[in-house]
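Per-entry structural report
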Amino acid sequence: MPVSSKRRLVADALRDAIATGRYRAGDRLPGEHDLAARFAVSRGTVRAALADLADDEYIATHGGVGSVVTFDGAALDPRGGWARSIAASGTEVTTRVLRLDRVDDPHLQAEVDAADATFVVVDRLRTVVGGRPVSLERSVLPAVGRLATAPTAGLVDDSLTATIAEAGLVPTSAEQWVDVVPLDAEDARLLERAEGTPFLRSRRDSRTAQGTFVERVDSLLDPDRFRLHMRFGTAR
C-alpha cells in the first residue's frame, strides 16, 4: 500500500472516530507509538495523518488553536455536511430547504472579496425526527458552476455539500464567530420556540486554499444540543 494511502487510512479512521463520538470533546488521542502499532504504519505516517486532521480542525497540535461545533458531544464535520455527522451520532434529523435563490449583493462581494456580486442563498431547517427543530442555517455562496443552476435544478443529491463539491470548490480554511442571541419573532416561529429564547448564533466563512470565497453560513443552534469546543496547545 502506498504511503499516501496509509496516511489517508489513518486520518479517515480517526476522523470517523471523532465524528461519531468515540473520541469526545476534550479527549486525548492515543500516542503516536500506540497509533502506529494499531494501524501497522510508521510513526512518520501517523504524524502526517495527525497533521491532516489538524489542518481540518479535528484536533489541535502543539501550539495550535482550533474549534469545532459538536452535537450531543459528537464533532460535526462542516465539509462532509452536518446532517451526515448528526446521523452518525445516532440522532435522526430531517433537513428542509426553506429558500434556494439567487441574489445580487455588492456589499457582501466587497466584504468577502468575492469575484462577483451574484450569490446563491440556501436556507435550511434541521429537525430531530419526533422532536423540534434544532438549527436554522442560512448559507450564501458564489453563483459559480453547479451552484449557479441550483435555484432551478435543485441541489445535487439534495445536499449543499455535494453541490459545493460539484462546483469545484474545496474549502480548506475558515473563520468562525459565535455569540448568543434572543430569537426574533420569525426565527422563533420557524424553530418552534418562544420569541426571545436564547440560541447560539454562529457565522462561518470558508475559503479554498487559494483564498477564494466558498461560503458564509449564519446558523442559529439549539444550545441544549450544540456546543462550540475550543482546543489550545498540545494535541489531544
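Before any of the text, the structure's been laid out above.
This text gives an overview of the structure that appears in the document. Keep in mind that what you see is a predicted model, and the values were worked out from it rather than measured.

Here we take up the overall build of the protein chain. Counting secondary structure elements, the protein chain contains eight helices and nine strands. Relative to its 236 residues, the protein chain shows a buried fraction of 44%. Summarising the internal contacts of the protein chain: among those between residues at least 6 apart in sequence, 59% fall at separations of at least 24. Working note: accessible area of the protein chain is about 12000 Å², and carbon and sulfur atoms make up 49% of it.

Now for the nonpolar core. Val10, Leu14, Tyr23, Leu35, Val46, Leu50 and Leu53 are the most contacted members of the largest nonpolar core, which has 17 residues in total. The set of elements that each furnish at least two residues to this core consists of α1 (3–19), α2 (32–39) and α3 (43–55). By size, the runner-up hydrophobic cluster in this structure holds 13 residues, among which are Val120, Ala143, Ile164 and Val214.

The next subject is the side chain of Asp123. Residue placement: Asp123 occurs in strand β4 (residues 118–128). Non-local contacts of Asp123, meaning those with residues more than four positions away in its chain, are made with Arg96, Val97, Leu98, Arg99, Glu137, Arg138 and Ser139.

All right, on to the packing of aromatic side chains then. One pass over the structure, following the stated rule, counts one aromatic pair. Here Phe119 and Phe213 contribute two aromatic rings whose centre-to-centre distance is 6.2 Å and whose plane-to-plane angle is 80°, an arrangement assigned as edge-to-face. In this pair, Phe119 is assigned in strand β4 and Phe213 in strand β8 (residues 213–221), connecting sequence segments 94 residues apart. Judged by its relative accessible area of 0%, Phe119 falls in the buried class. In this structure Phe213 comes out as buried when scored by relative accessible area, which is 3%.

The residue Asp113 is not glycine, and still its phi comes out positive at about 60°. As for its position among the elements, Asp113 is in the loop between α5 (106–112) and β4. Judged by its relative accessible area of 64%, Asp113 is exposed. A positive phi angle, near 60°, is found at Asp158, a position not held by glycine. Taking relative accessible area as the criterion, Asp158 reaches 74% and is therefore assigned exposed.

What counts and what doesn't
- Residues numbered from 1 in each chain as written.
- Predicted model: local features only at pLDDT ≥ 70, side-chain atom pairs only at ≥ 80, totals over all residues.
- Heavy atoms only, no water.
- Helix = DSSP H or I, 4+ residues; strand = E, 2+ residues; numbered from the N terminus.
- Buried < 20%, exposed > 50% of the residue type's maximum accessible area, 1.4 Å probe, protein only.
- Contact = heavy atoms within 4.5 Å.
- Areas by Shrake-Rupley, 256 points an atom, 1.4 Å probe, with all protein chains shown as cover.
- Core = buried A, V, L, I, M, F, W, Y, C linked by side-chain atoms within 4.5 Å.
- Phe/Tyr/Trp six-rings, centres within 6.5 Å; stacked < 30°, edge-to-face > 60°.

Note that every value here comes from positions in space, so none of it alone points to a role or purpose.
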